[in-house]
Amino acid sequence: MVKLEGESLTYIILINFNGYQDTVECLSSLQKSKVTNFRIIVVDNGSIDGSIPKILSWFENKLHLPPVHTGIEEIEVIQQKNELSYSYVHENEIKSGFYFNSKILLIEAAQNHGFAGGNNLATKVALQDPKCKYLWYLNNDTVVKNSTLNELVKFSNASSSNSKIGCVQSKVMFYNNPTVIQAFGGVFKPKAGKIFHLGYGETDNGQYDRFELNLSYVYGASLFVTEKFIHDSIYI
């Protein structure tokens, strides 16, 4: 395992809405990460499918789910068992100065705040920790390679001298066809008034394995930002 520089932490934020099976699979892949200096915040956004008791049961390894065969390099098989400490809190219990020391925090939202509102709830909790250096907004219906977080942190640390870099993203592949790119950022064509995801539908042959690409936006399914970027921006 690799530790991040100093005592800094990456907060990984997932939003769950009626999708506990996706969330559990994502959490299962995250706990295999090569770096250990991270915490995960899962916001349940008003689910009505029993997601909260299901996820809590999984935390206790009482929810038995079969291994997932992904066909993805590094994570061929995901054993859906929890190995991390956890906490559970209702949104109404979160006050100024709220802090948790477990690896995973499950927050039960008081209502469905929408995707942006759920992320903001988690962000406010993460930013109360002075050790928070990075935030990784990750869709809950994803699985990640064990090297992904390490690579995101390494690149962000190497780019820290460039104050203009506030967010980066990982390459996003199709879940059911992991050799095909879903997005590697996006491009806006103002004359046509259109946007498109770079690399969409292309077989990955390393054609985007460089950082000189001129992107208009990053893809929200895997958005990695600095704590400074959040503080210097207005989030809704």
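These notes cover the structure that comes with them. (Residues numbered from 1 in each chain as written. Predicted model: local features only at pLDDT ≥ 70, side-chain atom pairs only at ≥ 80, totals over all residues. Heavy atoms only, no water.)

### With respect to the side chain of Ser8
Summarising the element assignment, Ser8 is placed in the segment before strand S1 (9-16). With residues near it in sequence (within four places) discarded, Ser8 still touches Asn37, Lys131 and Lys133. (Helix = DSSP H or I, 4+ residues; strand = E, 2+ residues; numbered from the N terminus. Contact = heavy atoms within 4.5 Å.)

### What about the nonpolar core?
In terms of nonpolar packing, the biggest core is built from 29 residues, with Ile12, Leu14, Leu30, Ile40 and Trp136 touching the most fellow members. When contributions to this core are tallied by element, the ones reaching two or more residues are S1, helix H1 (20-30), strand S2 (38-44), helix H2 (51-59), strand S6 (104-108), strand S7 (132-138) and helix H4 (148-158). Counting residues per element, this core draws most heavily on H1, at 5 residues. When neighbours within four sequence positions are excluded, Leu14 is seen to be in contact with Thr23, Cys26, Leu27, Leu30, Ile40, Ile41, Val42, Val43, Leu138, Asn139 and Asn140. (Core = buried A, V, L, I, M, F, W, Y, C linked by side-chain atoms within 4.5 Å. Buried < 20%, exposed > 50% of the residue type's maximum accessible area, 1.4 Å probe, protein only.)

### Section: the packing of H1 against H2
In the contact formed by H1 and H2, the axes pass within 10 Å of each other and the chain directions differ by 30 degrees. Between H1 and H2, the angle falls in the class roughly parallel. Crossing of H1 over H2 shows right-handed handedness. Counting all contacts with H1, which are made through Tyr20, Thr23, Val24, Leu27 and Ser28, the residues of H2 involved are Ser51, Lys54, Ile55, Trp58 and Phe59. (Axes fitted to C-alpha atoms, helices over the stretch in contact; angles between N-to-C directions. Parallel < 35°, antiparallel > 145°, perpendicular 65-115°, else oblique. Left-handed = near helix turned anticlockwise from the far one by under 90°.)

### Remarks on unusual backbone geometry
At Asn18, a residue that is not glycine, the phi angle is positive and equals roughly 55 degrees. Within the secondary structure, Asn18 sits in the loop between S1 and H1. A positive phi angle is found at Asn61, which is not glycine, with a value near 60 degrees. A residue is classified by how much of its surface remains accessible, and Asn61, at 34% relative accessible area, is partly exposed.

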